[in-house]
Amino acid sequence: MAKIVDSALDKAGPVFVGIAVILIDMCVFAYYLVIFPYNHTWTDETTLFSKLLTMAIFAFTLYMVYCIHFHYYMAIKTSPGSFIKDPPVQSGNVEQDEEVSAREVMLDMEEYSSPPKICKKCHLPKPERAHHCSVCNKCIMRFDHHCPWIHNCVGHFNHRYFVLFMTYLSVSAGYFVFFGWRPFVISLDVVGTEWPYYYPRPLVAFSMILAICMGLAIGGLCAWHYYLIITAQTTVEYYNNDFDRRQCKRNGEVFINMYDFGAKENLRRFFNICDRFPWYTILKPVPIPPRGNGRTFEKSEAFYMLPRSRQRDHMEMHSEGQDIDDDIKDT
C-alpha cells in the first residue's frame, strides 16, 4: 500500500506544481489589478513624492514576486543531491556535481574508522545525514523531506531555495492581506458598492482567503524550518535527536548535536554566507550553492571535546537512526 501511495504521489507531482503556480499567480493578478490601484492613485494632482513612493512600492512588489517565482523554480529544478552507481561523465562543468558515484562516497568516508552504511533499498553507500526517499526511490544528501508541491525532495542542494521561497511567500502573503482587506470588503458586495476593476469580485475574495491560508500554513512551516536551521537539524534529525536526548538524559549524560555551531553560525552555514558569499546574497535572486559537498560535514568543537568512545557512540547512534527512519518510512 505504501508503494502505491508513493507512486501516486510521484505521478501527481506536476499537478501539485501547476496548482501552486496558478494559486500564487491568481494572488499576483489580484494585487496588481485591484489592490495596488486601490491604494495608489496616479493623477495630475498627485505630488512628486507620492509618485516616487508609488514607483518604489511597485518596484518592491515586482522584486518580491520575482523572488517567489525564482526560488520556487530553483527548489523544483535543483537536484537535492543523490547517489549513482556509475561515475558521472566529465562534462567540463565547474559547478559542484549534485549526483556522485559510490566510489566518491567511499573516498570521502576514508577518514572514519568504520565504513559507511549501505542503503538497504538502493544498495549504495549512505554517508552521514543521507536518507532513502521512498517516493524518489534513492538516497538523498542531508534529506529533510519529500515535498509534492515542488515535485522533489528537499535536500542538501535545494534546501536553501526552499526556505527562501517560503520566506518570500509568507512575507508577501502578509503584505497582501494588510493592504488588501479594504478591497476584499468591497468585493463581498455587501452594500452594493460599484466595482471599477476588470478583475472579478469573486476572484479577489478568493485570493484574500487564499493569502490568509497560505500565510498561516506556509508561515508556520517556514518558522519551523528556521528553528531547524538555527539548531542545525533536518526534520528527520529532529526526531532522532529528540530520542537520543531523552536517552542521554536517562543515562545521566549530556546530549551533543555534532553539527551545532550555535544559532548565528548555523544560519551563516546554511545560507552559505560564511566566506565565499556576503550576507546580502540572501536578498539576491541568484543561484547560490550550499556549503560543503553534502557527503561529509564539519563537526562542532563540543563534539571533538568528547572522549573518543563517546564520539564513536554518537556516530553509531546517528548511523542507526538513518536505518530506523528508512525502515519506518517504508512500512
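Residues numbered from 1 in each chain as written. Predicted model: local features only at pLDDT ≥ 70, side-chain atom pairs only at ≥ 80, totals over all residues. Heavy atoms only, no water.

### A short note on the nonpolar core
(1) Moving on: In this structure, Y31, I150, F162, F165, F176 and F271 are the most contacted members of the largest nonpolar core, which totals 47 residues.
(2) Moving on: Listed by contribution, the elements that provide at least two residues to this core are α2 (13-39), α3 (48-77), α5 (159-187) and α6 (201-230).
(3) Moving on: At 12 residues, α2 tops the list of elements feeding residues into this core.
(4) Moving on: Those residues in contact with F271 that sit more than four places away from it in its chain are R160, V163, L164, Y226, I229, I282 and I288.
(5) Moving on: Within the second largest apolar cluster, eight residues are counted, among which are F83, C122, L124 and A130. (Core = buried A, V, L, I, M, F, W, Y, C linked by side-chain atoms within 4.5 Å. Buried < 20%, exposed > 50% of the residue type's maximum accessible area, 1.4 Å probe, protein only. Helix = DSSP H or I, 4+ residues; strand = E, 2+ residues; numbered from the N terminus. Contact = heavy atoms within 4.5 Å.)

### A word on the pattern of salt bridges
(1) Moving on: Under the definition given, this model contains eight salt bridges.
(2) Moving on: E128 is the salt-bridge partner of K299, the closest N and O atoms lying 3.2 Å from each other. Remark: E128 occurs in the loop between β4 (125-126) and β5 (131-133) and K299 occurs in the loop between α8 (263-270) and α9 (301-304); sequence separation between them is 171 residues. No difference in accessibility class separates K299 from E128, as the two residues are buried.
(3) Moving on: Here R246 ties to D242 by a salt bridge, and the two come within 3.3 Å at their closest N and O atoms. Highlighted residues: R246 and D242, both in helix α7 (residues 235-250), separated by four residues, approximately one helical turn.
(4) Moving on: Overall, the relative accessible area of 42% leaves R246 in the partly exposed class.
(5) Moving on: One network of salt bridges, with partners in common, ties together E265, R268, R269, R291 and E298. (Salt bridge = Lys/Arg side-chain N within 4 Å of Asp/Glu carboxyl O.)

Limitation: the analysis is restricted to geometry and does not speak to function.
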